[in-house]
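As a plain string of letters, each chain reads:
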Amino acid sequence: MKTKHKLPTHCPSCINKLHVTQLACESCETTVGGQFNLPLLSQLTQEEQDFVLQFFLYSGSLKQMAQQMNISYPTVRNKLDDMIEHIKKLQNL
Amino acid sequence: MKNYFLKPFTYFQEKQLLLFGLSLGLISCIIQLTTTTRVIALLKAIITEENPPFVQNIADFIITTITMVLALFIFGKMINAKTRFIDILNTVLIARIPLYLFIIGDINSFITKKTKVILDSISNPDEMANQFIDIILLTVFGFLVLLSLIIFGYYIYQGFKTATHLKKTSHIIIFVILILFIDFLTRLLTNLY
Ligand SMILES: [Zn+2]
């Protein structure tokens, strides 16, 4: 049951936030039901998740990230600031 | 393809922008030696009697750049504590490039001479008719100057937005007023020497 589909975070029908109601074990097919929130990082957009990963891999150096991504330092810094704002909003929901 | 031309402050590194801005500034000061134009503020050039000395061109360039950079840097810091001096400096250096049109148009005192001839003939309708082509030429130049002011506005806004992450409309309004005010102030400052 290996899938590589992206985890949807918002309802395609009404745009509301999705949460997990069922989890399944790959080996014995046991399922668990309930109400589980998606982890905070999974609620970010794909672009934001990629950014977090890059940020982590560059040891948090915005200067290095800017050079590797071929964009200016303040552009990277502004992206990060927008994401911080977004994550703070998600935390308060 | 990334649009380097429309978004230089997004795609170029700070050292590239600085080098480019300073080089073109220096070249403009050298070209200015062949003109009778003095740039007394970012947005204002005046006609002088003689070709300005190189030292004066450089002094004008430094003073007009630095006053604007300092004002925008202080305002930028108020909007966003993370604002860096280098980004504001680059913004002003790059944004003023289109304004070098003032200087390029007056190579060999071209515009100055044409303007003087037309002004002298203004009281004489017959002579005015002879200046027809020159009048059109000056009108086109005036139009280009207007265009260069718009391009300046575009780049200074882009640069400042990238440097400070400017978002609020109220900040944008203050930004515009600040530029006009500092530009006026610079004119007084450069008139001191
Ligand atoms: Zn299992």
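The numbers attached to residues start from 1 for each chain and follow its sequence in the written order. Working convention: letters from A go to chains and numbers from 1 go to ligands, in the order in which they are written. pLDDT decides what is reported in this predicted model: residues at 70 or higher carry local features, side-chain atom pairs at 80 or more are listed and counted, and totals for whole chains, interfaces and linings draw on all residues regardless. Note: side-chain values were computed over all heavy atoms of the structure, leaving out hydrogens and water.

Engineer: Honestly, the overall build of chain B in this entry has me stumped. Any pointers?
Structural biologist: In DSSP terms, a helix is any run of H or I states spanning at least four residues, a strand is any run of E spanning at least two, and both are numbered starting from the N terminus. In terms of regular secondary structure, chain B is built from nine helices and two strands. Moving toward the C terminus, one meets the helices and strands of chain B in the order α-α-β-β-α-α-α-α-α-α-α. Referenced to the eigenvectors of the C-alpha coordinate spread, the extents of chain B come out at roughly 60 × 35 × 35 Å. Three exposure classes are used, based on accessible area relative to the maximum for each residue type with a 1.4 Å probe and protein chains only: buried under 20%, partly exposed in between, and exposed over 50%. The burial tally for chain B puts 44% of its 193 residues in the buried class. Taking the intrachain contacts of chain B between residues at least 6 apart in sequence as the baseline, contacts between residues at least 24 apart amount to 68%. The centroid of the 16 positive side-chain charges in chain B is displaced by 20 Å from the centroid of its 11 negative side-chain charges. Pairs of residues are marked as contacts when any of their non-hydrogen atoms sit within 4.5 Å. When charges are counted, neither His nor the chain ends are considered; positive counts come from Lys and Arg and negative counts from Asp and Glu. Charge coordinates come from a single atom per side chain, which is NZ of Lys, CZ of Arg, CG of Asp or CD of Glu.

Engineer: What exactly am I supposed to notice about the pairing of strand E1 (residues 37-41) of chain B here?
Structural biologist: Within a regular strand, the side chains alternate between the two sheet faces. Residues and elements named next belong to chain B. Burial analysis of E1 places five of its five residues in the buried class, the great majority of the element. Two strands pair if DSSP finds at least two bridges between them. By the bridge criterion, four bridges tie E1 to strand E2 (residues 44-47) in an arrangement that is antiparallel. Note that in E2 the partner of Arg-38 across the bridge is Ile-46. The loop that links E1 with its antiparallel partner E2 comprises two residues.

Engineer: Could you clarify how one ought to interpret helix H2 (residues 14-31) of chain B in this entry?
Structural biologist: For the α-helix, the turn length of 3.6 residues means that residues three or four positions removed from each other point alike. Residues and elements named next belong to chain B. Helix span, expected: 1.5 Å multiplied by one less than the number of residues in the helix. With 18 residues, H2 ought to run about 26 Å at 1.5 Å a step, and its terminal C-alpha atoms sit 26 Å apart, in line with that. By the burial criterion, the buried members of H2 are Leu-17, Gly-21, Gly-25, Ser-28 and Cys-29. Summarising the axial view, the buried residues of H2 lie within an arc of 100°, below the 170-degree limit, and thus occupy one face. Across H2 from its buried face, at more than 90 degrees, point the exposed residues Lys-15 and Leu-19. Elements in contact with the buried residues of H2: helix H1 (8-11), helix H3 (54-79), helix H4 (85-95) and helix H5 (101-105). Arc definition: directions from the helix axis to the C-beta atoms.

Engineer: Sorry, what's going on with the packing of H2 of chain B against H3 of chain B here?
Structural biologist: Angle between the axes and distance between the axes: these two values describe a pair of packed helices. All names here are of chain B. Packing of H2 against H3 leaves a shortest axis separation of 9 Å and a crossing angle of 140°. Both H2 and H3 take part in a crossing whose hand is right-handed. Residues Gly-25, Leu-26, Cys-29 and Ile-30 of H2 lie in contact with H3, whose contacting residues are Phe-54, Asn-57, Ile-58 and Phe-61. Residues belonging to the contact of H2 with H3 are distributed by class as follows: six nonpolar, two polar and no charged. The angle between two axes is taken between their N-to-C directions and runs from 0 to 180 degrees, where each axis is a line fitted to C-alpha atoms and a helix contributes only its stretch in contact. Here a crossing is taken to be left-handed if its near helix is turned anticlockwise relative to the far helix by less than a right angle, and right-handed if that turn runs clockwise. Note on residue categories: nonpolar means Ala, Val, Leu, Ile, Met, Phe, Trp, Tyr, Cys or Pro, charged means Asp, Glu, Lys or Arg, and polar means any other residue, Gly included.

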